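Now for the letters of each chain:
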Amino acid sequence: MKTRVEKAPVIAALGAQWRTIDALVSGLSDDQWSADSGLPGWSVGDVVAHIVGTENMLDGREPDAGRDVAGLDHVKNPIGELNERWVDHYRARSRAEVMADYRAMTAKRIADLTTMDDEEWNEDAVTPVGPETYGRFMRVRTYDSWVHEVDLRDALDMGEPSDPEPAGFALDEMAAVMPYIVGKKAAAPKGCRVRFEFTGLVPKQVHIAVDERAALVPELDGLADVTLRTTITDYTRLAGGRPGAAQASVHIDGDVALGSAIVDSLHYMI
């Protein structure tokens, strides 16, 4: 069953997230803009270019023709190739031009999404998480943009995100993948119960029950076999295999072996 998400809150969170990134990078020095982002091959400015490039793509635009990027070590698939082409597209432009495009395109996308009716919002779409609704795709965009805020802050030692609204949708998106991590990657045995307890910016518990297959459940029918306690930012660093993952903290209560297997399996983002 495809995921239906409420339209107005996701659009509001996406707009807030893009404004946060704008405010974050607008005050940077040129040296900070050009600094290594921690993502292979990308500067801080390239991360911004990636965000606006993706929205250009969703608006039906094409990047300038450029070099063949398929052979780059950090490019793993056709989506990665397209991402890299958009980054190259903006490397040929000044910082001021990148930010002007960022502001114009994000404003246009929010306006276009706002005028969508519910039928368009819920119609089938090709998304990074497979066939889904267009609304789910926009939740993924909120998540992706929020993750890149973490990347930018970590690269520049600027602390952690502070807006819980987009972070909440990012956590919803990450929770959707947790059954795969627990059941498939960590090979949790049938009958086990797992609790993720998030503290800090988005306090929330996420429950996974492994029966015929691992699944999200509203509550556990009994005690958790293992509880993993962390923050959404540390979880993001681990899930993305980011440079900050080495310092990320996850406290394990209960079955330490199972908990450790889950932590070791968290990296799934490319």
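Residues numbered from 1 in each chain as written. Predicted model: local features only at pLDDT ≥ 70, side-chain atom pairs only at ≥ 80, totals over all residues. Heavy atoms only, no water.

Peer 1: Explanation requested: the nonpolar core in the structure shown.
Peer 2: One recurring pattern in soluble globular proteins: nonpolar side chains tend to sit buried together. In terms of nonpolar packing, the biggest core is built from 74 residues, with Met-138, Met-178, Val-194, Phe-196, Tyr-235 and Ile-262 touching the most fellow members. Leave out the neighbours within four places in its chain, and Met-138 touches Val-10, Leu-14, Leu-58, Arg-109, Leu-113 and Trp-121. (Core = buried A, V, L, I, M, F, W, Y, C linked by side-chain atoms within 4.5 Å. Buried < 20%, exposed > 50% of the residue type's maximum accessible area, 1.4 Å probe, protein only. Contact = heavy atoms within 4.5 Å.)

Peer 1: Would you take a moment to explain the pairing of strand E1 (residues 124-127) for this structure?
Peer 2: Walk down a regular strand and you will see the side chains alternate between the two sheet faces. Of the two faces of E1, the one lined by Ala-125 and Thr-127 is fully buried and the one lined by Asp-124 and Val-126 carries no buried residue. Relative to strand E2 (residues 130-133), E1 runs antiparallel, the two sharing four bridges. Within E2, the position partnered with Val-126 by the bridge is Pro-131. Counted along the chain from E1 to the antiparallel partner E2, the turn is two residues long. (Helix = DSSP H or I, 4+ residues; strand = E, 2+ residues; numbered from the N terminus. Pairing = 2+ DSSP bridges.)

Peer 1: How should helix H11 (residues 256-264) be read in this particular structure?
Peer 2: Residues of H11 that are buried include every one of Leu-258, Gly-259 and Ile-262, and no others. The buried residues of H11 occupy an angular sector of 100° when projected down its axis, which confines them to one face. For H11, exposure combined with an orientation more than 90 degrees from the buried face picks out Ala-257 and Asp-264. Tucked inside the fold, the buried residues of H11 contact helix H9 (178-185), strand E3 (193-199), strand E6 (226-231) and strand E7 (251-254). For H11, the side-chain oxygen to backbone nitrogen distance between the N-cap and Ala-257 is 3.2 Å, and the N-cap itself is Asp-255. (Arc of directions from axis to C-beta. Polar contact = N/O pair within 3.5 Å; in protein donor to acceptor, adjacent residues only side chain to side chain.)

The quantities given are spatial measurements derived from coordinates; they are silent on function.
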